[in-house]
Amino acid sequence: MAFDFDLFVVGAGSGGVRAARFAAGFGARVAVAESRYLGGTCVNVGCVPKKLLVYGAHYGEDFEQAGAFGWTAGEPRFDWPTLIANKNREIARLNGIYRNLLVNSGVTLLEGHARIRDPHTVEVDGKPCTAEHILVATGGWPKVPEIPGKEYAITSNEAFHLEALPRRVLVVGGGYIAVEFASIFNGMGAQTTQVYRGPLFLRGFDQGVREHLRDELVKKGIALRFNTDVARIDKRADGSLAATLKDGEVIETDCVFYATGRRPMLDGLGLENTAVKLNAHGFIAVDDEYRTDEPSILAIGDVIGRVALTPVALAEGMAVARRLFRPEEYRKVDYRLIPTAVFSLPNIGTVGLTTEQAREAGHEVKIFESRFRPMKLTLTDSQEKTLMKLVVDAATDRVLGVHMVGPEAGEIVQGLAVALKAGATKCVFDETIGIHPTAAEEFVTMRTPVAQ
Ligand SMILES: Cc1cc2nc3c(=O)[nH]c(=O)nc-3n(C[C@H](O)[C@H](O)[C@H](O)COP(=O)(O)OP(=O)(O)OC[C@H]3O[C@@H](n4cnc5c(N)ncnc54)[C@H](O)[C@@H]3O)c2cc1C
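None of these values were measured; they are calculated from a predicted model.

Some thoughts on the pattern of salt bridges
Okay, so step 1: On inspection of all chains with the given rule, the structure shows 31 salt bridges.
Okay, so step 2: A salt bridge links Arg-115 to Glu-123; the shortest N-O distance between them is 3.6 Å.
Okay, so step 3: In this structure Arg-115 comes out as partly exposed when scored by relative accessible area, which is 29%.
Okay, so step 4: Accessibility expressed as a relative area gives 14% for Glu-123, which makes it buried.
Okay, so step 5: With its nearest N and O atoms 2.6 Å apart, the salt bridge here joins Glu-384 to Lys-220. Here the residue Glu-384 occupies a position in the loop between strand 20 (365–372) and strand 21 (386–393), and Lys-220 occupies one in the loop between helix 7 (207–219) and strand 11 (223–226), the gap between them amounting to 164 residues.
Okay, so step 6: Judged by relative accessible area, Lys-220 falls into the partly exposed class, the value being 23%.

Quick notes on the packing of aromatic side chains
Okay, so step 1: Summed over the entire model, instances satisfying the criterion amount to 9 aromatic pairs.
Okay, so step 2: Where Phe-160 meets Phe-181, the ring centres are 5.4 Å apart and the plane angle is 70°; that geometry is what we call edge-to-face. With Phe-160 in the loop between helix 5 (156–159) and strand 9 (168–172) and Phe-181 in helix 6 (residues 176–187), this pair connects stretches of sequence that are 21 residues apart.
Okay, so step 3: Exposure remark for Phe-181: the relative accessible area of 2% places this residue in the buried category.
Okay, so step 4: Here the aromatic rings of Phe-201 and Phe-226 are separated by 5.2 Å at their centres, their planes lie at 75°, and the arrangement is edge-to-face. Note that Phe-201 is positioned in the loop between strand 10 (191–196) and helix 7 and Phe-226 in strand 11, a separation of 25 residues in sequence.
Okay, so step 5: Looking at Phe-201, the relative accessible area reads 0%, which means it is buried.
Okay, so step 6: Members of the aromatic cluster, connected to one another through ring pairs, are Phe-160, Phe-181, Phe-185 and Phe-257.
Okay, so step 7: Against the face of Tyr-37 rests Arg-36, its NZ or CZ located 5.9 Å from the ring centre.

Criteria and thresholds
Residues numbered from 1 in each chain as written. Predicted model: local features only at pLDDT ≥ 70, side-chain atom pairs only at ≥ 80, totals over all residues. Heavy atoms only, no water. Salt bridge = Lys/Arg side-chain N within 4 Å of Asp/Glu carboxyl O. Buried < 20%, exposed > 50% of the residue type's maximum accessible area, 1.4 Å probe, protein only. Helix = DSSP H or I, 4+ residues; strand = E, 2+ residues; numbered from the N terminus. Phe/Tyr/Trp six-rings, centres within 6.5 Å; stacked < 30°, edge-to-face > 60°. Lys NZ or Arg CZ within 6 Å of the ring centre and 35° of its normal.

Listed below in structure tokens is the structure:
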């Protein structure tokens, strides 16, 4: 049977664009459908605008600290609409780049909502196309729990388009998006409270890192409320909001921001017309080559709920393109040692096992730790401290994990992730000469394990 396309990709986000471009580059006839925005979550309502807002938030501290270096300037004032307008302009530029990337690689771009009609047919706004393979790369969507007043809450989707910076913000959630937005709002001057139902945010990160970040956020003025949750949200006559917590406390605020998880984006996708199955968490079930239960349909990225990060979606997109159209170059995605950052202020950077994971996996560990005031802050009143930590296997000397809380932690840990992938031992770290004076050199000068 002759198909219109060799590959039809649903969703022009991180994973979909990568798969489409490379498949076309390998000579396949490729179409991609996008209903909302080119570049997907990352470019439009995720990594990119988030990082721009984090940069914006850091200026609050920079202005305060500049005086210690001899600078005087007028009273700093922050204008949210300027930042949002500039951010929107940059994102429009990136949307254009994504369009060109697709079109220049020979991909047919169909702008509209895609619905799978049968295992080889996709309709875009009602118009059918056939394809030998269909790749679902539709990403995720924020979830807000069913509580009275949930309609007054916003999520990251709306936060990027607020018309004004709220005076008071209540952030709900304990994952990295919640922590990052608490830092963004607080850094820009909003009175910020974060509520999380567990005992400490950032579950899955190293315990020492979580505690260190908690202490730093408190120093910066974020009010943290753990072991409780929002029970209801009410709107006052003056337009402000009152969030009643489960422990009875009422928090008066102007904005309730929810970051309590994301669901796969399957709305109107037509999976009921296929044999595609969902896993126990509601994400599309795939095997280790991203095949669903429907032989012609594959799925990658946030919609499969494995590791919801852009570089992982990119790697999965690449793997699919190679397996289908350049099998001699196919390599499985390696999910071990994925480095990540949390762009809170200060940042977290991490790769490898946490202390707890290393012990659970049966390693006897040596922990090396350094806590210090970053040099840039020594002339200022800031009491911010950096934490650096190495988790080392006592038996083999292999470095199992690298963790940092401090400025540019993501930038520093990316390089160390290469060392961990190469199997570096603590001895290799020790023999590496530092770059002086940097914070990063601490990673190669920690000599004495701490008792833990
Ligand atoms: C606030 C926030 C901050 C983040 N920060 C980071 C970060 O710092 N670093 C990082 O690595 N990751 C970050 N992420 C995660 C990252 O954005 C995602 O992991 C990544 O975008 C997943 O890519 P994807 O291709 O699976 O889906 P997406 O990028 O979400 O793309 C899916 C696309 O499919 C389209 N679509 C959906 N359904 C249809 C349909 N039926 N028809 C046509 N089109 C459809 C959507 O409109 C969307 O454009 C962040 C996410 C959020 C929400």
